[in-house]
Structure formats: structure tokens, C-alpha cells
Amino acid sequence: MSALMDTVLIERTRALIPEEHVEQKRMFGGTCFMVNGNMLVCISKRGLMARVGKEQAAEALSRPHASPCEPSGRPMPGFIRVEPEGIETDEDLKSWVNLARNYVCALPPNAAKKPKAKSGKAAE
């Protein structure tokens, strides 16, 4: 996926996510959308990574262009990778974002981690 297509996909995704409690961050070599500190979806040149939870994983994997997310060769349970072809239409993208939102919005807020001091201890 080109940089322009990546930017367009980020904008398309952002339009589908309500403003409240949402943060946009660079992670996993892409742009992640966080809801209450929990990752919802991540956009990268490889497509979309959606956090759907273990309970919805089988349903998600039955969709076209979906596969288990294994970024470092190890599976990430509850995370699904969607090829760019699987999110070409707004309806397809919205479907993935909504599936992820069903799971992530039910999670408790994830508190921000304190930055570590240079000695390795948490900063106070």
C-alpha cells in the first residue's frame, strides 16, 4: 500500500470512530487508534490489525482477506490481520471497526503507564 493510500485509510478509519476517549498513536509500524487506552485498530502498509477478542476471533477469521495476526512469528490471540483488499470499501472497513469496537469498548480503561527512569525504576 502506498503512503497516500495509507493516509487515506487512516482518515477513513478516523471518520468511523467517535471522538470521545480516542487517541491516535504511532505503534507497530503504523497508526493505532486507542479507545480508553486500549488498542482498537492499527493501520499500516500491510492493511488493518483489528482487536476483536478471542471470543470473536473465529467469526472474524471466516471473513475474506482475514488471517491471524502474527507480527513476530508468534500469534497474538484476539488480534486479526486484514489484507488491504478486505477493507477497500467503506462498508468493509466499518464492519471491521465495529467488530473491534464491540470488544474494546467493553474493556475497562487501560491506565497510562508511568515512564521509566534511566535506572530502570518507575518515575515518581
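Residues numbered from 1 in each chain as written. Predicted model: local features only at pLDDT ≥ 70, side-chain atom pairs only at ≥ 80, totals over all residues. Heavy atoms only, no water.

## Overview of the pattern of salt bridges
Oppositely charged side chains are able to pair whenever their charged atoms sit close together.
Argument step 1. A complete count under the given rule lists 3 salt bridges for this structure.
Argument step 2. Salt-bridge contacts for glutamate 59 lead to arginine 63; the nearest nitrogen and oxygen are separated by 3.9 Å.
Argument step 3. On the basis of relative accessible area, glutamate 59 is assigned to the partly exposed category, the value being 44%. (Salt bridge = Lys/Arg side-chain N within 4 Å of Asp/Glu carboxyl O. Buried < 20%, exposed > 50% of the residue type's maximum accessible area, 1.4 Å probe, protein only.)

## Re the layout of surface pockets
Argument step 1. Estimated volume of the second largest pocket: approximately 200 Å³.
Argument step 2. Lining the second largest pocket we find Phe28, Cys42, Ser44, Arg46, Gly47, Leu48, Met49, Pro68, Cys69, Glu70, Pro71 and Arg81.
Argument step 3. Residue assignment for the lining of the second largest pocket shows that the elements contributing at least two residues are strand S3 (38–44) and strand S4 (47–51).
Argument step 4. The dominant element in the lining of the second largest pocket, judged by the number of residues it contributes, is S4, at 3 residues.
Argument step 5. Along the lines of polarity and charge, the residues of the lining of the second largest pocket split into 7 nonpolar, 2 polar and 3 charged. (1 Å grid on protein atoms, 1.4 Å probe; cavity = no way out; pocket = protein on both sides within 12 Å on 5 of 7 lines; lining within 4 Å. Points joined across faces, edges and corners; volume = space filled by probe spheres on them. Helix = DSSP H or I, 4+ residues; strand = E, 2+ residues; numbered from the N terminus. Nonpolar A, V, L, I, M, F, W, Y, C, P; charged D, E, K, R; others polar.)

## A short note on the packing of aromatic side chains
Argument step 1. All chains considered together, the criterion is met by 0 aromatic pairs.
Argument step 2. In this structure, arginine 63 is placed above the aromatic ring of tryptophan 96, and the distance from its NZ or CZ to the ring centre is 4.6 Å. (Phe/Tyr/Trp six-rings, centres within 6.5 Å; stacked < 30°, edge-to-face > 60°. Lys NZ or Arg CZ within 6 Å of the ring centre and 35° of its normal.)

## Things to note about the nonpolar core
The nonpolar side chains of a soluble globular protein tend to be buried, and buried together.
Argument step 1. In this structure, Leu40, Leu48, Ile80 and Trp96 are the most contacted members of the largest nonpolar core, which totals 24 residues.
Argument step 2. Mapped onto this core, the elements with two or more residues apiece are helix H1 (3–16), strand S2 (30–35), S3, S4, helix H2 (54–61), strand S6 (79–82) and helix H3 (90–104).
Argument step 3. Here the element with the most residues in this core is H3; it accounts for 6 residues.
Argument step 4. Those residues within four positions of leucine 40 in sequence are excluded, and the remaining contacts are Ile17, Phe33, Met34, Val35, Met49, Ala50, Arg51, Val97, Ala100, Arg101 and Val104.
Argument step 5. Grouped together as the second largest cluster of nonpolar side chains are 8 residues, Met39, Cys69, Met76 and Phe79 included. (Core = buried A, V, L, I, M, F, W, Y, C linked by side-chain atoms within 4.5 Å. Contact = heavy atoms within 4.5 Å.)

## Notes on unusual backbone geometry
Argument step 1. Residue asparagine 36 is not a glycine yet carries a positive backbone phi of 55°.
Argument step 2. You can see asparagine 36 is positioned in the loop between S2 and S3.
Argument step 3. Using a relative accessible area of 27% as the deciding quantity, one classes asparagine 36 as partly exposed.
Argument step 4. The backbone of histidine 65 sits at a positive phi, close to 70°, despite the residue not being glycine.

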